Amino acid sequence: MRNYSIAIDGPAGAGKSSVAKAIAKKLNFVYVDTGAMYRAFGLYYLRKGISLEMEEDVNKEVSNVTIEMINKDDGVKIYLNGDDVTTAIRTEEASRGASKVSVYPMVREKMVKLQQEIAKKTNVIMDGRDIGTVVLPNATLKIYLTASTDVRAERRYLEQTEKGIKVDLSEIKKDIEERDYRDMHRSTSPLKQADDAILVDTSDMNKEEVIEEILNLCRKKDIL
Ligand code: DC
């Protein structure tokens, strides 16, 4: 049987994860949130009090970090060395930590291998920054999902506010800009659109429109 894979890359706040989750449900594919893996990886160092600025110190610990994704009835759970960190990785601190730890080649090598192993076994929709370019260069469908910085900042702001978390819009925008810069300018696997990826700009689209657009692209590739 043919193994299908859909790669979705793009900057923070473009809507990758909510769209990928909905498509996975529709197609009965496994959704792999690679950002969550880097977040859990970064959390290991934050919890140990090891600075993420020093590559050597980070490298020394890489073999001690185990990340697992397990499908449970109430969604996919992420485990760091056996500990459920599904909620703990969603803070702004963990997000910054992920962006920092993900610049290191040793960390990326370990995560890419794990992601490729998952994709070998099952049909996947995987989102991240290097899926179409590095992790799944032969993906059946590649999408580069983006939106303007202002729209992405507003979405993050609403998301946090709805959860009752008090945040500042200009702070969020600054954070997004810094993260974009780091993700796009690192030397190992920077975020960029793969040559054969289809650009979907979601600035003026709602979630349902984005899902429909991607499902149309799936039909064209005979995935649906
Ligand atoms: O998608 P996210 O915001 O949860 O990702 C957190 C950070 O992890 C992001 O700033 C960059 C990094 N990341 C990466 O380098 N490669 C991936 N495939 C996914 C995420």
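Everything in this summary refers to the structure shown in the same document. This structure is a prediction, so every number in the text was calculated from the model and none was measured. (Residues numbered from 1 in each chain as written. Predicted model: local features only at pLDDT ≥ 70, side-chain atom pairs only at ≥ 80, totals over all residues. Heavy atoms only, no water.)

## Some remarks on the site of the ligand
So, step 1. Close contacts around the ligand come from 15 residues, with Arg39, Arg108, Asp130, Arg179 and Arg186 the closest.
So, step 2. Between a nitrogen atom of the ligand and a side-chain N or O atom of Asp130, the distance comes to 2.8 Å.
So, step 3. Within the side chain of Arg179, an N or O atom sits 2.9 Å from an oxygen atom of the ligand.
So, step 4. Protein chains shield 96% of the accessible area of the ligand, which is 450 Å² for the free molecule.
So, step 5. Counting residues per element, the ones that place at least two in the shell around the ligand are α2 (34–48), α4 (92–101) and α8 (169–185).
So, step 6. Among the elements that line the shell around the ligand, the one with the most residues is α2, at 4 residues.
So, step 7. The residue makeup of the shell around the ligand, split by class, is 3 nonpolar, 5 polar and 7 charged. (Near = heavy atom within 4 Å. Polar contact = N/O pair within 3.5 Å; in protein donor to acceptor, adjacent residues only side chain to side chain. Areas by Shrake-Rupley, 256 points an atom, 1.4 Å probe, with all protein chains shown as cover. Helix = DSSP H or I, 4+ residues; strand = E, 2+ residues; numbered from the N terminus. Nonpolar A, V, L, I, M, F, W, Y, C, P; charged D, E, K, R; others polar.)

## Some remarks on the nonpolar core
So, step 1. By size, the foremost hydrophobic cluster in this structure holds 34 residues, and its most contacted members are Phe41, Tyr45, Ile67, Ile78, Val107, Met126 and Leu136.
So, step 2. Taken together, the elements giving at least two residues each to this core come down to α2, β4 (75–80), α4, α5 (105–121), β6 (124–128) and α6 (131–135).
So, step 3. At 8 residues, the largest contribution of residues to this core is made by α2.
So, step 4. If we ignore the near neighbours within four places in the chain, the residues touching Met126 are Ile6, Ala7, Ile8, Val32, Thr34, Gln115, Ala119, Ile131, Val135 and Leu136.
So, step 5. Judged by nonpolar contacts, the second largest core, of 22 residues, contains Ala24, Val210, Leu217 and Ile223. (Core = buried A, V, L, I, M, F, W, Y, C linked by side-chain atoms within 4.5 Å. Buried < 20%, exposed > 50% of the residue type's maximum accessible area, 1.4 Å probe, protein only. Contact = heavy atoms within 4.5 Å.)

## Some words on α5
So, step 1. Here α5 spans 25 Å end to end across 17 residues, near enough to the 24 Å set by a 1.5 Å rise per residue.
So, step 2. Among the residues of α5, those classed as buried are Val107, Arg108, Met111, Val112, Gln115, Ile118 and Ala119. Across the axial projection of α5, the buried residues extend over an arc of 125°, all falling on one side. The outward face of α5, more than 90 degrees from its buried face, is lined by the exposed residues Glu109, Lys120 and Lys121. (Expected span 1.5 Å × (residues − 1). Arc of directions from axis to C-beta.)

## Description of empty space enclosed by the protein
Sizing a probe to match a water molecule and rolling it over the atoms shows the empty space that remains.
So, step 1. Evaluated as defined, the whole model comprises 1 cavity of 30 Å³ or more.
So, step 2. If you trace the largest cavity, you find it lined by Asp9, Gly132, Lys142, Ile143, Tyr144, Lys192, Gln193, Ala194 and Ala197.
So, step 3. Examining the composition of the lining of the largest cavity, we find that 3 residues originate from one element, strand β7 (residues 141–146), more than from any other.
So, step 4. Here the residues of the lining of the largest cavity are counted per class, giving 4 nonpolar, 2 polar and 3 charged. (1 Å grid on protein atoms, 1.4 Å probe; cavity = no way out; pocket = protein on both sides within 12 Å on 5 of 7 lines; lining within 4 Å. Points joined across faces, edges and corners; volume = space filled by probe spheres on them.)

## Topic: the side chain of Arg108
So, step 1. Along the chain, the position of Arg108 falls in helix α5.
So, step 2. Engagement of the side chain of Arg108 in a polar contact is seen with the side chain of Tyr38, the distance being 3.4 Å.
So, step 3. Those residues in contact with Arg108 that lie beyond four places of it in its chain are Tyr38, Ser102, Asp130, Arg186, Thr188 and Ser189.

## Side note on α4
So, step 1. Listed as buried for α4 are Ala94, Ser95, Gly97, Ala98, Ser99 and Val101.
So, step 2. Turning to α4, the residues buried within the fold contact α2, α3 (55–61), α5 and α8.

## Regarding the sheet that holds strand β3 (residues 67–72)
So, step 1. Pairing within the open sheet is antiparallel, and its 3 strands lie in the order β3-β4-β5. Each edge of the sheet is formed by a strand with only one pairing partner; in this case those strands are β3 and β5 (83–84).
So, step 2. For β4 and β5, the ladder comprises 2 bridges, and the chain directions are antiparallel. Each residue of the ladder has a partner; that of Tyr79, found in β5, is Asp84.
So, step 3. The strands that α2 touches are β3, β4 and β5; relative to β4, the one it contacts most, it runs at about 35°. (Pairing = 2+ DSSP bridges. Axes fitted to C-alpha atoms, helices over the stretch in contact; angles between N-to-C directions.)

None of the figures reported here should be taken as evidence of function without further support.
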